[in-house]
Amino acid sequence: SSDLEAYLERYVPAFNKVANAENITGIRINYIGSVAGLLAVPADEHWDIIALVQYPDYATFRKVSESKGYLEDAEPHRLAALEDLRLIATLAVETE
């Protein structure tokens, strides 16, 4: 199966199970897609999946990503699906 299928069919369900077990709410997947072209990245980088996930706050991200359930049940699927990872935290900027 493809990396995207592995991510969607194994990692995402395992992640959701962990979040539910930890009573974590408010996490929202805003976008997941396969990369159609690389326009402004270093020549030696290859991207095939992009996911934009919104957490209510940084503490929520840490709670789920540092939990025993995540490390044992979800992270192995992420590592199997993704050869490399860029994890970028952002803060929303009001434009109005």
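Below: a short report on this structure. (Residues numbered from 1 in each chain as written. Predicted model: local features only at pLDDT ≥ 70, side-chain atom pairs only at ≥ 80, totals over all residues. Heavy atoms only, no water.)

1. Remarks on the packing of aromatic side chains
Counted only if it meets this: Here is the rule: rings of Phe, Tyr and Trp (six-membered ring for Trp) pair when centre to centre is within 6.5 Å. Planes less than 30 degrees apart are stacked, more than 60 are edge-to-face, and the remainder are tilted. A helix here means a DSSP run of H or I that spans at least four residues, while a strand means a run of E at least two residues long, and both kinds are numbered starting from the N terminus. Between buried and exposed lies partly exposed: a residue is buried under 20% and exposed over 50% of the maximum accessible area for its type, with that area taken using a 1.4 Å probe on protein chains only.
One pass over the full model with this rule turns up six aromatic pairs. With a centroid separation of 6.0 Å and 50° between ring planes, the pair formed by Tyr11 and Phe15 is classed as tilted. With Tyr11 and Phe15 both in helix 1 (residues 3-21) and four residues apart, the pair spans about one turn of that helix. Under the relative-accessibility criterion, Tyr11 is labelled buried at 8%. Owing to a relative accessible area of 8%, Phe15 belongs among the buried residues under this scheme. Of the aromatic side chains, those joined through ring pairs into one cluster are Tyr7, Tyr11, Phe15 and Tyr70.

2. Here's the deal with helix 1
For clarity, the threshold we go by: Here the expected length of a helix is defined as 1.5 Å per residue gap, with one fewer gap than residues. For a residue, the bend is simply the angle between two axes, fitted respectively to the seven-residue segment ending there and the seven-residue segment starting there. Any two residues whose heavy atoms approach within 4.5 Å are treated as being in contact.
With 19 residues, helix 1 extends 26 Å between its outermost C-alpha atoms, agreeing within 8% with the 27 Å of an ideal straight helix rising 1.5 Å per residue. In helix 1, a bend of some 30° at Tyr11 exceeds every other bend along the element, and Pro13, a proline, comes one to four places later. Of all the positions in helix 1, only Ala6, Tyr7, Tyr11, Val12, Ala14, Phe15, Val18 and Ala19 are classed as buried. Turning to helix 1, the residues buried within the fold contact strand 1 (28-34), strand 2 (49-54), helix 2 (58-65) and helix 3 (68-81).

3. Overview of helix 2
Rule in force here: Note: the arc covers the axis-to-C-beta directions of the helix. Any N or O atom pair separated by 3.5 Å or less is treated as a polar contact, with the protein-specific requirement of one donor-capable and one acceptor-capable atom, and with residues adjacent in sequence counted only for side-chain atom pairs.
Of the positions making up helix 2, those classed as buried are Thr60, Phe61, Val64 and Ser65. Taken around the axis of helix 2, the buried residues stretch over an arc of 120°, which confines them to a single face. Structural note: helix 2 exposes Tyr58 and Ala59 on the side pointing more than 90 degrees away from its buried face. The secondary structure elements touched by the buried residues of helix 2 are helix 1 and helix 3. At the N-terminal boundary of helix 2, the capping side chain belongs to Asp57, with an oxygen 3.3 Å from the backbone nitrogen of Ala59.

4. Comments concerning the nonpolar core
Applicable threshold: Take the buried Ala, Val, Leu, Ile, Met, Phe, Trp, Tyr and Cys residues and link them wherever side-chain atoms come within 4.5 Å; each set so joined is a nonpolar core.
In this structure, Tyr7, Tyr11, Phe15, Val64, Tyr70 and Ala74 are the most contacted members of the largest nonpolar core, which totals 15 residues. Secondary structure elements with two or more residues in this core: helix 1 and helix 3. Per element, the largest residue contribution to this core is eight residues, and it comes from helix 1. Phe15 has contacts with Ile27, Tyr55, Val64, Tyr70 and Ala74, leaving out every residue within four places of it along the chain.

5. Some details on the environment of Asn23
Looking at where Asn23 falls in the secondary structure, it is placed in the loop between helix 1 and strand 1. Since its relative accessible area comes to 67%, Asn23 is described here as exposed. As for Asn23 and Val64, which are separated by 41 residues in sequence, their C-alpha atoms are 9.6 Å apart.

Function-wise, these values are silent; they only describe arrangement.
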